Amino acid sequence: MGSEFLGMVNYWLSAILLLLGLHGMLMRRNLIKKLMAMNVMQVAVIMFFISLAMKTGGTAPIEQPGITEVDAYINPLPHALMLTAIVVGVSTTGVALALLIRIYRYYGTLEESELLERMQE
Amino acid sequence: MRTPFGSSILDAACRLPVPFIILFAVYVVIHGHHSPGGGFQGGAILAATLILIRMVRGEDDPWGLDRTRAAILASCGVGLYAGIGLLTLVFGGNYLDYSVLPLPLVPEKVRFMGTLGIEIGVALGVTGVLVLIFDALTAGETQESDDGK
Amino acid sequence: MSQHVPVLIVIIPLVAALFVPLIALRTMAWARALTFLALLGVVACSGAALTRALATGPLHYELGGWAPPWGIVYVLDPLSGGMALLIGIVAALVAVYTQPYLKSWSTSRAGIFLSLFLLLVTGLLGIVVTGDLFNLYVFLEISSLAGYALLASGSIHSAVATFRYLIVGTIAATFYLLGVGYLYALTGSLNMADVAIRLSDIGHSGAFAVAITFIVVGLSIKAALFPLHGWLPDAYTYAPAPVIGFISAVMAKVGAYALFRVLYFVLRPTEAASQVLTGLSWVAAIAILAGSLLAIAQRDVRRMLAYSSISQMGYIFLGLALGTPSALKGALLHVLNHAIMKGCLFLAAGGVQWRTGGYRLEDFIGMSRRMPLTMAAIVLAAISMIGLPPTAGFFSKWYLVQGAIEAHAWVFAAVFIASSLLNAVYFFRLIEWAYLRQPKPQPSLSSPPLYQELPMQMLLPIWVLATSVLLLGLFNQSVVNGIIQYAIQPEGS
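Residues numbered from 1 in each chain as written. Chains lettered and ligands numbered in written order. Predicted model: local features only at pLDDT ≥ 70, side-chain atom pairs only at ≥ 80, totals over all residues.

**A word on the overall build of chain B**
Counting its regular elements, chain B contains 5 helices and 0 strands. Reading chain B from its N terminus to its C terminus gives the helix and strand order α-α-α-α-α. Going through the 149 residues of chain B one by one, you find that 35% of them count as buried. Contacts in chain B between residues at least 24 apart in sequence constitute 65% of all its contacts with a sequence separation of at least 6. (Helix = DSSP H or I, 4+ residues; strand = E, 2+ residues; numbered from the N terminus. Buried ≥ 20, exposed ≤ 12 C-beta atoms within 10 Å, placed from the backbone. Contact = placed C-beta atoms within 7 Å.)

Right, here's the structure in full:
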């Protein structure tokens, strides 16, 4: 049981990060904290995919001359997918930050409670 | 980010690494096939160079890449990617099928050159976009704000 | 060249989106022309693809020359071809509608708007055309990001509403990605058809349940299924009029399309899919009733139409979940009809706001005299939303009720009919305020002009959509038998 847990630490960590990110996005009142939690959640998913790619005894999926067995290299597909996911995360963060700057310049605050007050006026 | 730090030490200190960072960025882009790297990573490093200059010298020294030029760079970068794809359409293959490109090389090398082409396009696009994001986020309040309907 | 149609559908608006802002720096007229040409190109390509798909079977296009399951495949069967055609036509109409708005904005803002619009169209077309699970995630995010930027380009209120939508939408896309990761771990493939084949050997497992849960929840958020609809009213209410006209017509439906693809094509051989569909049907029934009830309570016309959209998405989900042939035909016909009806309503409401500056029911008073053509279009679309013959709305609801009866789901048939009555309440109220209420006597200095219709560029798309509502109603048989009937057949049969 212990060794099963130790072998799966990646997945446990990914699950914990996912839940932390989700909690932050839904429960935190400050908009910047929501954005940070969003990044944490995306990192959790990226870690999950990368952990899927691992093979015992495999090395980085860069071709080394002379070594041609498939099992010598880990699965490169999830890594390629996660590059795309990282880029998507960066773009989403960029758009979110632009929105937050606009909100901050107009209302002067990023706390949700104060924001709602100022929006009613 | 808008006003320069005004320190000659910082200015001199950033002059030293910048050429090496650019060289490293180009290395990362071109060696994406043989080592960790590729278009996005190299583009991010190149954008880091430009952002470093902006942070040290302030907004008035965009180092040749002001907002319009950054937008043009981004569009042309992604356009290079799409253009190589359309080129493969012209030569009869499916979209982004590099093996039909008329280069006098072994088929694996032809695919390698095609991938290198699109990676360069991606690097340019990513550089332009990251610099644009940085400029948009640190622009002063005098920028136009469309609060109307 | 014609065999490259599947990829051209996505590449044409993408390349146009790249170069429109650069061209707009020089001449705005060329930029607008390029946008419209690109959208016409999309309509032409998807029309050609649809006719090919109906004649000879689904088109498969391998990107990069790599065969599936290693490569990404674009699939154009009647369903995706029809959705692509719908997106293209609505986008072209909205592009015409936007012209007066573009003239009132600065050049750079107008150029960026057109570019974002084309990127949104690219993303939606990509979702519809792709046959790869991860490719769907990429296009989902492309359309979402362009959507966020467009929705936030209105007043400052829209920025706050869009940030909330951004958070919720990113949760949705991340859940979908996580589900795809679990499916990849189970089957080792990302190609939709390949996963479907491999899943038939898997059977029950914890990972599969997690995968299906995450994917369904993620796509349901995107498709605004109650109770995951919270982002929709705020996002729809504050957006600029051309944006909301397009997004309301198309975006949630593409989410529903993605869910349909996953549940019916990818997960088809498994019984977990049927359990999900049963749960979905009950949630959809609640969505129908809740959406209509909440719509009645609104005073702002846009918010009312937004809640009405939630209710109509419930119709589509319930039809998809029931699964009988009539229900599926009704659901797909309703996708088409609702896109046209809701698009017409939002564009017309935007037109009223263009003249009066407001969206509340009070701003609609006296519109019947001031903007008779626009209000007539609203009346036509409203009658179709309620579901009276011979408009299109009646026939899609007829198929849905028939489907519910075929499945012996009497409760759902009753839900359909009850919600039509609820729809009548708030739509007739809008028509009453516009036609029957007298405007308060104004001091003569500020009395509005007696007849002030919209500019032709805004009126034309509204009326094209309104007449389509009538035409689709009259010719619904040929639409159903010609296209939709083939769209609901599983691949290969």
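Read on, since the account is not over.
**Some thoughts on the overall build of chain A**
Helices and strands together make up the secondary structure of chain A, namely 5 helices and 0 strands. Ordered by position from N to C terminus, the α and β elements of chain A give α-α-α-α-α. In terms of its C-alpha atoms, chain A occupies a principal-axis envelope of roughly 70 × 35 × 10 Å. Here chain A holds 121 residues, and the buried ones make up 25% of them.

**Topic: the interface of chain C and chain A**
How big an interface is tends to be reported as the loss of accessible area on association of its parts. Taken together, the contact pairs 22 residues of chain C with 25 residues of chain A. For the side of chain C that touches chain A, the secondary structure elements donating two or more residues are α6 (133–151) and α7 (156–187) of chain C. Counting residues per element, the side of chain C that touches chain A draws most heavily on α7 of chain C, at 15 residues. Here the residues of the side of chain C that touches chain A are counted per class, giving 17 nonpolar, 4 polar and 1 charged. (Nonpolar A, V, L, I, M, F, W, Y, C, P; charged D, E, K, R; others polar.)

**Let's talk about the nonpolar core**
Counting 266 residues, the largest nonpolar core has I9, I87, V90, Y176, F317, C344 and A381 of chain C as its most contacted members. Other than its neighbours up to four places away in sequence, F317 of chain C contacts L225, A256, L280, A284 and A287 of chain C. (Core = buried A, V, L, I, M, F, W, Y, C linked by C-beta atoms within 7 Å.)

**Digging into the packing of helix α12 (residues 271–296) of chain C against helix α18 (residues 410–435) of chain C**
All names here are of chain C. Where α12 contacts α18, the two axes come as close as 9 Å, and the packing angle between them is 15°. By the angle between their axes, α12 is roughly parallel relative to α18. The two elements α12 and α18 cross, and the hand of that crossing is left-handed. In this structure, α12 contributes S281, A285, I288, L289, S292, L293, A295 and I296 to the contact, and α18 contributes F412, V415, A418, S419, L422, N423, V425 and Y426. Its residues assigned to classes, the contact of α12 with α18 shows 12 nonpolar, 4 polar and no charged. (Axes fitted to C-alpha atoms, helices over the stretch in contact; angles between N-to-C directions. Parallel < 35°, antiparallel > 145°, perpendicular 65-115°, else oblique. Left-handed = near helix turned anticlockwise from the far one by under 90°.)

**Looking at the interface of chain A and chain B**
Facing 9 residues of chain A, the contacting portion of chain B comprises 9 residues. Here the residues of the side of chain A that touches chain B are counted per class, giving 7 nonpolar, 1 polar and 1 charged.

**A few points about unusual backbone geometry**
Of note, the amide linkage connecting P389 of chain C to P390 of chain C takes the cis form, showing an omega dihedral of 0°. With respect to the helices and strands, P390 of chain C occurs in the loop between α16 (372–386) and α17 (392–406). A positive phi angle, close to 60°, is found at L96 of chain B, a residue other than glycine. Tracing the backbone shows L96 of chain B in the loop between α4 (67–90) and α5 (107–138). Judged by the 23 C-beta atoms lying within 10 Å of it, L96 of chain B is buried. In this structure, A224 of chain C is a non-glycine residue whose phi angle is positive, near 60°. Among the secondary structure elements, A224 of chain C is positioned in the loop between α9 (206–222) and α10 (231–237).

**Topic: helix α5 (residues 107–129) of chain C**
Given a rise of 1.5 Å per residue, 23 residues ought to cover 33 Å, and the 33 Å separating the end C-alpha atoms of α5 of chain C matches this to within 8%. With 19 of 23 residues buried, α5 of chain C is to be regarded as a mostly interior element. (Expected span 1.5 Å × (residues − 1).)

**Observations concerning the confidence of the model for chain A**
Of all residues in chain A, 98% attain a pLDDT of 70 or more, and the chain-wide mean is 88. For chain A, helix α1 (residues 2–7) of chain A is the element with the lowest average pLDDT, namely 76, and helix α3 (residues 31–52) of chain A is the one with the highest, namely 94. (pLDDT = per-residue confidence, 0-100.)

**Focus: the pairing of strand β2 (residues 73–76) of chain C**
Residue and element names in this part refer to chain C. Here β2 shows no split at all, with V73 and V75 on one side and Y74 and L76 on the other all buried. Inspection of the sheet shows strand β1 (residues 59–62) paired to β2 by 4 bridges, in the antiparallel sense. When the sheet's bridge partners are listed, H60 is paired in β2 with V75. (Pairing = 2+ DSSP bridges.)

**Comments concerning the environment of M313 of chain C**
Residue and element names in this part refer to chain C. Checked against the element boundaries, M313 lands in helix α13 (residues 301–322). Residue M313 is classed as buried on the basis of its 28 C-beta neighbours within 10 Å. Along the sequence, M313 and A287 sit 26 residues apart, while their C-alpha atoms lie 8.0 Å from each other. Ignoring any residue separated from it by four or fewer positions in sequence, one finds M313 in contact with A223, A224, L225, A252, A256 and A287.

**Here's the deal with the environment of L35 of chain A**
Residue and element names in this part refer to chain A. Its place among the elements puts L35 in helix α3. Distance in space between the C-alpha atoms of L35 and V9 is 26 Å, their sequence separation being 26 residues. If we ignore the near neighbours within four places in the chain, the residues touching L35 are T93, A96 and L100.

**Section: the environment of T187 of chain C**
Tracing the backbone through its elements, the reader meets T187 of chain C in helix α7. Not counting the four nearest positions on each side in its chain, T187 of chain C is found in contact with V195, R198 and L199 of chain C.

**Some thoughts on the confidence of the model for chain B**
Residues and elements named next belong to chain B. Per-residue confidence for chain B gives a mean pLDDT of 83; residues scoring 70 or more make up 89%. Looking at the elements of chain B, mean pLDDT is at its lowest for helix α1 (residues 8–15), recorded as 85, and at its highest for helix α2 (residues 17–30), recorded as 93. Per-residue pLDDT stays below 50 along residues 142–149; that stretch engages in 9 contacts with residues further than four places along the chain or on separate chains. In the predicted assembly, ipTM is 0.94 and pTM is 0.92.

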